[in-house]
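Fold and contact review
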Number of protein chains: 2
Amino acid sequence: MTSPAGQAPSRGALSPDEVVAGALALVESEGLAALTMRRLASRLGVAVTAIYWHVGDKAALLDAVGDRIITRLAAVPVKGDDPATRIMSVCRAWRRRLLEQPELVAVVHAQGRTAELFQPVRRVLVRELTAAGLRGHDAAVALQAILQFVTGSVLTDVQVARAPSQHVAPEDLWTAADVDGASDLLDELRHPLSSDELFDYSVRRLVGAATGAPRR
Amino acid sequence: MTSPAGQAPSRGALSPDEVVAGALALVESEGLAALTMRRLASRLGVAVTAIYWHVGDKAALLDAVGDRIITRLAAVPVKGDDPATRIMSVCRAWRRRLLEQPELVAVVHAQGRTAELFQPVRRVLVRELTAAGLRGHDAAVALQAILQFVTGSVLTDVQVARAPSQHVAPEDLWTAADVDGASDLLDELRHPLSSDELFDYSVRRLVGAATGAPRR
DNA sequence: ACCTGAACACCGTTCAAGT
DNA sequence: ACCTGAACACCGTTCAAGT
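Parameters and conventions
- Residues numbered from 1 in each chain as written.
- Chains lettered and ligands numbered in written order.
- Predicted model: local features only at pLDDT ≥ 70, side-chain atom pairs only at ≥ 80, totals over all residues.
- Heavy atoms only, no water.
- Helix = DSSP H or I, 4+ residues; strand = E, 2+ residues; numbered from the N terminus.
- Buried < 20%, exposed > 50% of the residue type's maximum accessible area, 1.4 Å probe, protein only.
- Areas by Shrake-Rupley, 256 points an atom, 1.4 Å probe, with all protein chains shown as cover.
- Near = heavy atom within 4 Å.
- Polar contact = N/O pair within 3.5 Å; in protein donor to acceptor, adjacent residues only side chain to side chain.
- Salt bridge = Lys/Arg side-chain N within 4 Å of Asp/Glu carboxyl O.
- Contact = heavy atoms within 4.5 Å.
- Buried area = accessible area lost by both parts, 1.4 Å probe.
- Nonpolar A, V, L, I, M, F, W, Y, C, P; charged D, E, K, R; others polar.
- Arc of directions from axis to C-beta.
- Phe/Tyr/Trp six-rings, centres within 6.5 Å; stacked < 30°, edge-to-face > 60°.
- pLDDT = per-residue confidence, 0-100.
- Least-squares fit on C-alpha atoms with pLDDT ≥ 70 in both.
- Axes fitted to C-alpha atoms, helices over the stretch in contact; angles between N-to-C directions.
- Parallel < 35°, antiparallel > 145°, perpendicular 65-115°, else oblique.
- Left-handed = near helix turned anticlockwise from the far one by under 90°.

Time to look at the overall build of chain A. Along the backbone of chain A there are 11 helices and zero strands. Moving toward the C terminus, one meets the helices and strands of chain A in the order α-α-α-α-α-α-α-α-α-α-α. Burial analysis of chain A (216 residues in total) assigns 46% to the buried set. When the accessible area of chain A is evaluated, it comes to approximately 10700 Å², of which 52% is carbon and sulfur surface.

Attention shifts here to the protein's contact with DNA strand C. Around DNA strand C sit 18 residues, and of these A:Ala47, A:Thr49, A:Trp53, A:His54 and B:Arg38 come closest. Contact between DNA strand C and A:Ala47: a phosphate oxygen at 2.6 Å from a main-chain N or O atom of the residue. One nitrogen or oxygen atom from the side chain of A:His54 is found 2.2 Å from a phosphate oxygen belonging to DNA strand C. Residue assignment for the surface near DNA strand C shows that the elements contributing at least two residues are helix 3 (48–54) of chain A together with helix 2 (37–44) and helix 3 (48–54) of chain B. Residue contributions to the surface near DNA strand C peak at four residues, all from helix 3 of chain A.

Before going further, it helps to spend a moment on the pattern of salt bridges. Residue and element names in this part refer to chain A. Across all of its chains, the model carries 18 salt bridges over all chains by this definition. With a closest N to O distance of 3.9 Å, Arg68 and Asp17 form a salt bridge. With Arg68 in helix 4 (residues 58–72) and Asp17 in helix 1 (residues 16–30), this pair connects stretches of sequence that are 51 residues apart. By relative accessible area, Asp17 is classed as partly exposed at 45%.

Moving on to the interface of chain A and chain B. One frequently used descriptor of interface size is the decrease in accessible area upon assembly of the parts. Facing the 52 residues of chain A at the interface are 51 residues of chain B. A buried area of about 5100 Å², summed over both sides, lies between chain A and chain B, and 62% of it is on carbon and sulfur atoms. If you look at where chain A meets chain B, you find five residue pairs in polar contact (both at pLDDT 80 or more). Those elements that provide at least two residues to the side of chain A that touches chain B are helix 6 (102–110), helix 7 (114–117), helix 8 (119–131), helix 9 (136–162), helix 10 (183–190) and helix 11 (195–211) of chain A. Element by element, the count of residues in the side of chain A that touches chain B is highest for helix 9 of chain A, at 16 residues. Each residue belonging to the side of chain A that touches chain B can be placed in one class, and the counts come to 25 nonpolar, 17 polar and 10 charged.

A few words on the protein's contact with DNA strand D. In the region of DNA strand D, 18 residues are neighbours, and A:Arg38, B:Ala47, B:Thr49, B:Trp53 and B:His54 sit closest. Sugar and phosphate atoms represent 49% of those atoms of DNA strand D found within 4 Å of the protein. Between a phosphate oxygen of DNA strand D and a side-chain N or O atom of A:Arg39, the distance comes to 3.1 Å. B:His54 is positioned with one of its side-chain polar atoms (N or O) 2.2 Å from a phosphate oxygen of DNA strand D. For the surface near DNA strand D, the residue count by class is nine nonpolar, four polar and five charged.

Turning to helix 10 of chain A, a few remarks are in order. Owing to its 3.6 residues per turn, the α-helix brings residues three or four apart onto one side. When we look at burial in helix 10 of chain A, the residues that qualify are A:Leu185, A:Leu186 and A:Leu189. Taken around the axis of helix 10 of chain A, the buried residues stretch over an arc of 105°, which confines them to a single face. Residues of helix 10 of chain A that are exposed and angled more than 90 degrees away from the buried face: A:Ser183 and A:Asp187. On its buried face, helix 10 of chain A is in contact with helix 8 (119–131) and helix 9 (136–162) of chain B.

With that out of the way, let us pick up the packing of aromatic side chains. Residues and elements named next belong to chain B. Under the definition given, this model contains two aromatic pairs over all chains. When the centroid spacing of 5.7 Å and the interplanar angle of 70° are considered together, the rings of Trp94 and Phe118 count as edge-to-face. With a gap of 24 residues between them, Trp94 in helix 5 (residues 83–100) and Phe118 in the loop between helix 7 (114–117) and helix 8 connect regions that are remote in the sequence. Each member of the pair Trp94 and Phe118 is classed as buried.

A word on the confidence of the model for chain A. For chain A, mean pLDDT is 85; residues scoring 70 or higher make up 88% of the total. Here residues 1–11 of chain A is modelled with pLDDT under 50, and outside its nearest four sequence neighbours on either side it reaches one contact, counting other chains as well.

Residue and element names in this part refer to chain A. Relative to the elements of secondary structure, His54 occurs in helix 3. Measuring from C-alpha to C-alpha, the distance between His54 and Ser15 comes to 6.8 Å, with 39 residues separating the pair along the chain. Ignoring anything within four residues of it in the chain, the contact list for His54 reads Leu14, Ser15, Pro16 and Val19.

What follows is about the relation of the copies chain A and chain B. Superposing chain A onto chain B requires a rotation of 180° together with a translation of 0.0 Å along the rotation axis, leaving an RMSD of 0.1 Å. Accordingly, the operation relating the two chain copies is best matched by a two-fold axis. It is A:Gly152 whose C-alpha, among those of chain A, lies nearest the rotation axis, at 1.6 Å. Take the interface residues of chain A: 98% of them recur as interface residues in chain B, which is what a same-surface contact looks like.

Glancing now at the packing of helix 8 of chain B against helix 9 of chain B. Residue and element names in this part refer to chain B. The interhelical angle for the contact between helix 8 and helix 9, taken along N-to-C directions, is 135°, at an axis separation of 10 Å. Regarding the angle of helix 8 to helix 9, the classification is oblique. By crossing handedness, the relation of helix 8 to helix 9 is classed as right-handed. Along its contact with helix 8, which presents Val121, Arg122, Leu125, Val126 and Leu129, the element helix 9 presents Ala139, Ala142, Leu143, Ile146 and Leu147. Its residues assigned to classes, the contact of helix 8 with helix 9 shows nine nonpolar, no polar and one charged.

Take a look at the structure:
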């Protein structure tokens, strides 16, 4: 983690930290696919094998890069007065933050560490749901439902942002036969809500279900 | 698409269909990572370059494989009497079906064609939501909300199934500080609902919100 | 302790050449 | 029309060798 006590790094010496930082910079600027051992080495101005000495093989490198990404994205700003507002706000801000860096999300997701990435939001949500009066099992279930939705929304949109050219836009797949001739519905389906609007709508529903008035 | 009219394929001749079928079989048996042009060629008993002649480069091959996967998974069984039950049933069956073949889902997702893959469920859902009395904008919004959740659930669990070893189980990340000392909640968080239970619970809520009694 | 160079087994892709 | 073989530019990884 830290460098040897009191020992200044000698001129031009390579540290594990520098290697990982270089890898992260490479992913940010050119995408996950551009992160190869050889390209990273030439970027760092060393032989490929130096990377192996400092951080290990590519799996180890990706692990370390994943750690850094998860740490960097951890801060979650919360705004609003009542719990429902605060929950909406944190979900929205978190989603927007992740969508700004789709390649970083892809790194973490490819490692199967998505749940770990979302842990900061989980902490905030559990606090807000408790503040909203939910206890025990109810709180745990509501938390997971909301989180599942947010995760899904992010993963979907991240992939759309990363996919070079969307094959067929889903809104073009609808035909009149699908809607039994209800042309107003067809119109709606062909001009769907933006991801942002849909996200707002759905989280609001799940939040409402969790914190709103009793349901019967 | 079809072979030349009335012309029986000569003995041992390679067709685009055979190439794509071989690729799909390779993905099913050994995973997406095992699908390389060279391995496929040796599996088919031809030189690598024969693939290029029949279907083109790797992107074209993946395209064709994606088409096949989407077609094969298209059938959606619907059960139940009332719309809400039918919606639950189709979502659950669809999810279970996709989770049986995580590598196939991964192929389609990597191509950014997830929305296309989910189109059959979209068709069923729009029919059932209409039957439930939802019209126009309301139906379109409810459809997208439910679909977003199902998609997210599938993508999350597919990646968990594919990731060789989960890094840290998210339920181990909780500490007493996160829950303000509410130890019953901590217990719940550490033993969360299974993906199946959570899925049922959440879709039920979204379906209820869409088709249930008026909300105020 | 730290780093290099050569080597190996893999990739995807192109192209001239065969039948 | 259909297929092969050689070649090119890339991968990740190992290992002996240098300082």
